[in-house]
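Each chain, written out:
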Amino acid sequence: MSASPSGRPEYSNAVVRWIEYRLPVFSAANEFMGTDYPAPRNLNYWWNFGSLAGVALVLQILTGIVLAMHYTPHVDYAFQSVEHIMRNVNFGWLLRYAHANGASLFFIVVYIHLFRGLYYGSYKAPRELLWMLGVVILLLMMATAFMGYVLPWGQMSFWAATVITNLFSAIPLVGEGIVTWLWGGFSVDNPTLVRFYALHYLLPFVIVGVVVLHLLALHQHGSNNPLGIDKKSPKDSLPFHPYYTVKDLFGLGVFMIVLALFVFYAPNLLGHPDNYIPANPLQTPPHIVPEWYFLPYYAILRAITFDVLFIPAKLLGVILMFGSIIVLFFLPWLDTSPVRSSRFRPVYKWFFWVLVLDCLLLGYLGAHPPEGTYVTLAQIGTAYYFFHFLILLPLLGKLERPRPLPRSISEPVLEPAPSATPAE
Amino acid sequence: MAEMATSQEHGDEEGTRRDFLYLVTGATAAVGTAALVWPMVDSMNPSADVLALASTEVDLTGIEEGMAITVTWRGKPVFIRHRTPEEIQAAEAVPLDELRDPQPDSARVIEPQWLVMVGVCTHLGCVPLGQAPNDPKGDYGGWFCPCHGSHYDTSGRVRRGPAPVNLVVPEYAFTGDNLIRIG
């Protein structure tokens, strides 16, 4: 490929030229992630997680479609169809474990990707929509994962479905009607299972659509970078291919190793043994817990044990649980600091890590029964979470004195120009 | 700069090393993709429980001479006819050059009085008539396919009509005096 006098790429292969003239896929691909797409030269490994999330999505879809060929979405057959997959279907055990552990890895990767955004201010202008689309993807992932977990129809599947669908009864007036509508009956039963199957198959493709929008928004202004300052010249960037394609491939290799460790050495570590017991509507397991990636929200939900004014505790817990994600939508406006990257925000940096610890703590508490100290700690954790976003961030932007920003991305790396005065 | 000059000198070597790296990366990617895709493709092959149903045992006691039964094997009908001596003789007497798909009767049976065939017409897959006593048996005393008019003789060989080959004889074996295992 070479550039013609008109600037449009000319390809040496005649077949490529034929296609390109009719449907410019080759130049589009090159502008999307090839040598024609500039990326900041200083991206660190925290920037690998976006591409890993994309790979995880593709992996889930591929394994999911193949599993769907063997699964039976009926309360009398679902559990045994999953065992049929594990025992009879060629490589069924591998596909099932890849799908289950792939979901966990998908969430790990997305949470790291999210916290990268929090640390480096990737949600700030002009990337507000990019961030909000990401939150939409997170919500869709959570709905998909929840419904997917119900499908094996184990004890945890059934009771998690019962607990979470029952939450909607907290809504005043229409709550009970909504729950009956969700169930398609008077309890979680076959109609619920079958519609969850239909939606679990559908939502990943909706996620793909939102990911496309997410990438379009990203490419409008390009990636953020660890310094949080905009590109000033071509010296500040590198062509995406080969530098970041290779780096992303390396990151993919590490991701695959981690996935393989889970799938082949600890396939049930992140799961709950009770889900190997077929669902029994007449017997609740002693401790109902969701999968690990929902634990922080579960902790927030159960932390609210008291009514506030006219809002009953149950409703308030639901509001705060969903609110913990909704608040993320407003982050670009809640954070008033003109500085993007925490590298230059010494005070915010500490609070970022407190937030990380807070989320880990809430996750830990979500796995424990809501009694005694666990509840108190969960209340403190929930309080800090909302304090961080609703009070701390708006104030900190105004009060914090940021460190001086470098002049450009390449400046800290390349030698300063001879005309610049050395020491001041 | 000095580095540029030396890289020019070693231009060929650099090119070769890069080519080697491209080749190795490409090969690894190809092998990795194949390793990822193969389990997904193979999972669509018959699973262990389907393969387990691949054999069917049939008890032949009770099937009198001249009678025929139909059993299911791998989801398809299998015709088992207890042939009369006249039927066997008629089958053995046919000259091979009269047959579209030449096969001696002896090649199609283990015990001459038991004819075991997959009851699916080799034309387009209908189930031929001829099992029940009142069924039309075609002009050759065997089976008749009503869909497009294929005629099969007492050895299940196609004699007239659009079917290209004889009715398929599945792999089977006698596991007892009156017991066969198909498949």
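Look up a bit, the structure's there.
So, a few notes on the structure that sits alongside this text.

By definition, a disulfide is the covalent link that joins the sulfur atoms of two cysteine residues. Residues and elements named next belong to chain B. Counted by the stated rule, this structure contains 1 disulfide over all chains. Each sulfur of the disulfide joining Cys126 and Cys147 lies 2.1 Å from the other. Its S-S torsion of approximately -100° makes the covalent link between Cys126 and Cys147 left-handed. Linking Cys126 in the loop between β4 (114-118) and β5 (141-145) with Cys147 in the loop between β5 and β6 (150-153), this pair joins segments that are 21 residues apart in sequence. For Cys147, a relative accessible area of 37% gives the class partly exposed. Here Cys145 stays unpaired: no disulfide links it, and the sulfur of Cys121, its closest cysteine neighbor, is 3.8 Å away.

Now for the interface of chain A and chain B. For interface size, the figure often reported is the accessible area lost on association. Across the boundary between the two partners, chain A contributes 14 residues, which contact 12 residues of chain B. Summed over both partners, the interface of chain A with chain B buries about 1,100 Å², with 71% contributed by carbon and sulfur atoms. Of all residues in chain A, the largest losses of buried area upon contact with chain B belong to Asn88(A), Asn90(A) and Phe91(A), amounting jointly to 42% of the total for that side. Joining chain A to chain B, the criterion identifies 0 salt bridges. Linking chain A to chain B there are 5 residue pairs in polar contact (both at pLDDT 80 or more). Broken down by secondary-structure element, the contributors of at least two residues to the side of chain A that touches chain B are α3 (49-68), α4 (78-87) and α5 (92-120) of chain A. The biggest single contributor to the side of chain A that touches chain B is α3(A), with 4 residues.

Residue and element names in this part refer to chain A. Where helix α6 (residues 128-150) contacts helix α12 (residues 313-329), the two axes come as close as 8 Å, and the packing angle between them is 155°. Comparing their axes, α12 and α6 come out roughly antiparallel. Across the interface between the two elements, Trp131, Met132, Val135, Val136, Leu138, Leu139 and Met142 of α6 pack against Ile325, Leu328 and Phe329 of α12.

Scoring rules and cut-offs
Residues numbered from 1 in each chain as written. Chains lettered and ligands numbered in written order. Predicted model: local features only at pLDDT ≥ 70, side-chain atom pairs only at ≥ 80, totals over all residues. Heavy atoms only, no water. Disulfide = S-S within 2.5 Å. Helix = DSSP H or I, 4+ residues; strand = E, 2+ residues; numbered from the N terminus. Buried < 20%, exposed > 50% of the residue type's maximum accessible area, 1.4 Å probe, protein only. Contact = heavy atoms within 4.5 Å. Buried area = accessible area lost by both parts, 1.4 Å probe. Salt bridge = Lys/Arg side-chain N within 4 Å of Asp/Glu carboxyl O. Polar contact = N/O pair within 3.5 Å; in protein donor to acceptor, adjacent residues only side chain to side chain. Axes fitted to C-alpha atoms, helices over the stretch in contact; angles between N-to-C directions. Parallel < 35°, antiparallel > 145°, perpendicular 65-115°, else oblique.

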